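Here are the chains, one letter per residue:
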Amino acid sequence: TRASELQSLVTTALGEHGRITVASRSMSADDTLPHLDASALVVADLATILLTGVQTQALHEFVRRGGALIALGEMAPGWQDNRRLHELLGIGPAVAHSPVTELVIQVASDHDITRRLDPTCHATGSCALLDAAPDGAAVLFTTSWRYATVPLAWMRPYGKGMVYFDSFTAAEGEHEPEPLRQALFRAIRYATGWREGPPIRVAMIGYGAIGFEHGSAMQATPGLDYTLVCDRNPSRLAVARDAFPHIRTTTEIADVLADDAIDAAIVAAPPNTHAALARDLLLAGKHVVVEKPFCLTTTEADDLISLANERNLTLTVYQNRRWDPDFLAIAQVVREGRLGDLFHVEMFIGDYHHPCDFWHSHEPISGGVFYDWGSHYLDWALTLLPDKIADVRASTQKRVWLDVTNADQATLHIRFQNGCEVIFIHSDVAALLKPKWYALGTKGALVANWRHETVTSRKWSGDLIEERLAPSEALPIVTLATRIAEGRINEEQLALPPAPLQPFHRNLANHLLASEPLAVSPTSSRRNIAVMEAAAYSAAHNSVVVPIDERYA
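Residues numbered from 1 in each chain as written. Predicted model: local features only at pLDDT ≥ 70, side-chain atom pairs only at ≥ 80, totals over all residues. Heavy atoms only, no water.

A. Region of interest: the nonpolar core. With 100 residues, the main nonpolar core has Phe294, Leu412, Trp437 and Leu446 as its most contacted residues. Residue contributions to this core peak at seven residues, all from helix α12 (residues 373-384). In this structure, Trp437 is in contact with Asp326, Phe327, Ile330, Val345, Glu346, Met347, Trp380, Leu384, Leu446, Val447 and Ala448, ignoring residues within four places of it in sequence. Counting residues in hydrophobic clusters, the runner-up holds 36 residues, among them Ala68, Ile113, Leu140 and Ala183. (Core = buried A, V, L, I, M, F, W, Y, C linked by side-chain atoms within 4.5 Å. Buried < 20%, exposed > 50% of the residue type's maximum accessible area, 1.4 Å probe, protein only. Helix = DSSP H or I, 4+ residues; strand = E, 2+ residues; numbered from the N terminus. Contact = heavy atoms within 4.5 Å.)

In structure tokens form, the structure reads like this:
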């Protein structure tokens, strides 16, 4: 299993465009490793392999002549007398290892391999208890052991080649911590010549409230340079300059398209303009981030995806709520199988309040109510449920808010080919709220109940001011109930993880600068649009949309 995981990671890191062939080998004692002469990189799991003296000599010569070695994990006892391996790694022969326990792993330096990784993580496993890294090594991660700082991973030159050594070994049944997995991905690329390039210069197209959010995230993300803001409204450009004095501004999109100094753009204009703006930016050679919703139709999505692929440009969608703490906790429960097979999911967002009079509430511009909060909720549902869709059925109600064109309430039913069903309701006329989440699986159920919170302060006179938060502004209380022996039901309130810092923007920089996979692929966002388009059609025509081809599947 470990070998297949490593091979998959190496293939992802280096195998694009068929440039590099990746092979996993099991070796016998008489294998002299002749294939090393034609190799660029060797990845070795020290906990599961043991080389003979002849094999280690071949590996030593391979690195000395310019090859790269990535050595991972706790060394099996048979390595203790292997002097050549100790030379390669830069460690002594008698290396003690910690027992399996929870370790606090910290990024130790600003390096191409560690840039933008979570600075600290907790992981259960063991590591080599080394006093120091070898001379000339760049220490990348450390851990603390009984009031001493222990080097955990480093990169070092050796002869004409280089060695990356990571001594951490995850406990049985535990996953490699994400920062170490990301570092390994980059170490593989680094060992074969990759170096991080200059920062990505980003333009913002449209500066509303989200412009400040994007700008603040980019300022906190090494590798992203918030360079230019384009908006037709000069007053909004003034607000942007007040918040980010270093940026340039323009009222003309043509200035962005013609600016060779701009590498990427974030489209934060109204949804009905997303497709045209993204298309023009791709044609101008810019990487593109589109605010949710991606666009309004699958035809538009297909056109943009095809154009980005033709021009080898990045296209992604700002599905920032994939990192909401309640969704992260729910996704982990589903991934770990604690609910069993998921077969019924209900989701709700709403209140009883007058809709805003901005474009969000005008269907020809926004796409309608399914494209608003539905963009997030459907993204959650379709991320959890990858199976193909069987049919979509939707309805809308227009009874109270006649001054806006969006529906007052929208209900969407999705049925998957495996029998699972999803029901989503968005209501602006709900005086009492349904739970945010209600999910049933073969082993239990999950409910996420809204919290009704107020923010309190005082007037100058000392009188109390109480401001009721919208339900969406507070994290819900998530309860998991599972059936145990003799039909008893065990309930537990899930501890929600902390919200990650700038997760989307860090992933964007990691993708553009280090070739890490996109967190939000355009094809996954296209699937959301397909469902929303089918829902709008179903509600308008009082029909069930049955996907018979890839249009809505």
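B. Spotlight on the packing of aromatic side chains. Tallied over the full model, the rule gives 14 aromatic pairs. Seen from their ring centres, Phe358 and Trp359 are 5.8 Å apart, and the 45° between their planes marks the pair as tilted. The class for Phe358 is partly exposed, based on a relative accessible area of 49%. Here the aromatic cluster, defined as three or more aromatic residues joined through ring pairs, consists of Phe327, Trp373, Tyr377, Trp380, Phe424 and Trp437. It is Arg195 that lies over the ring of Tyr190; its NZ or CZ is 3.5 Å from the centre. (Phe/Tyr/Trp six-rings, centres within 6.5 Å; stacked < 30°, edge-to-face > 60°. Lys NZ or Arg CZ within 6 Å of the ring centre and 35° of its normal.)

C. Expanded view of the pattern of salt bridges. Within this structure, the stated rule accounts for 25 salt bridges. Between Glu196 and Arg116 there is a salt bridge, with its nearest N and O atoms 3.0 Å apart. In this pair, Glu196 is assigned in the loop between α4 (178-191) and β9 (200-205) and Arg116 in the loop between β3 (101-107) and β4 (120-126), connecting sequence segments 80 residues apart. Of the two residues, Glu196 and Arg116, neither departs from the other in class, the shared state being buried. Salt bridges sharing partners connect three or more residues here, namely Asp110, Asp112, Arg115, Arg116 and Glu196. (Salt bridge = Lys/Arg side-chain N within 4 Å of Asp/Glu carboxyl O.)

D. Here's a closer look at the packing of helix α8 (residues 274-283) against helix α9 (residues 298-310). At a minimum axis separation of 10 Å, α8 and α9 run at an interaxial angle of 10°. With respect to α9, the element α8 is oriented roughly parallel. Contacts between α8 and α9 involve Ala275, Ala278, Arg279, Leu282 and Leu283 on the former and, on the latter, Glu300, Asp303, Leu304, Leu307 and Ala308. A class-by-class count of the residues in the contact of α8 with α9 yields seven nonpolar, no polar and three charged. (Axes fitted to C-alpha atoms, helices over the stretch in contact; angles between N-to-C directions. Parallel < 35°, antiparallel > 145°, perpendicular 65-115°, else oblique. Nonpolar A, V, L, I, M, F, W, Y, C, P; charged D, E, K, R; others polar.)

E. Spotlight on the sheet that holds strand β15 (residues 342-350). Pairing is mixed across the open sheet formed by nine strands, whose spatial order is β24-β23-β20-β19-β15-β18-β17-β16-β25. Looking along the sheet, the strands with just one partner apiece sit at the ends: β24 (489-493) and β25 (544-545). Lying on the sheet, helix α14 (residues 522-541) is in contact with β16 (389-397), β17 (409-416) and β25; it crosses β16 at an angle near 50°. (Pairing = 2+ DSSP bridges.)

F. Spatial organisation of the environment of Leu228. Relative to the assigned elements, Leu228 resides in strand β10 (residues 224-230). In this structure Leu228 comes out as buried when scored by relative accessible area, which is 3%. The sequence separation of Leu228 and Ala240 amounts to 12 residues, and the corresponding C-alpha distance is 9.7 Å. Once residues within four sequence positions are removed from consideration, Leu228 is found in contact with Val202, Ala203, Met204, Arg248, Thr249, Thr250, Val256, Asp259 and Ile262.

Nothing here speaks to function; it is all geometry.
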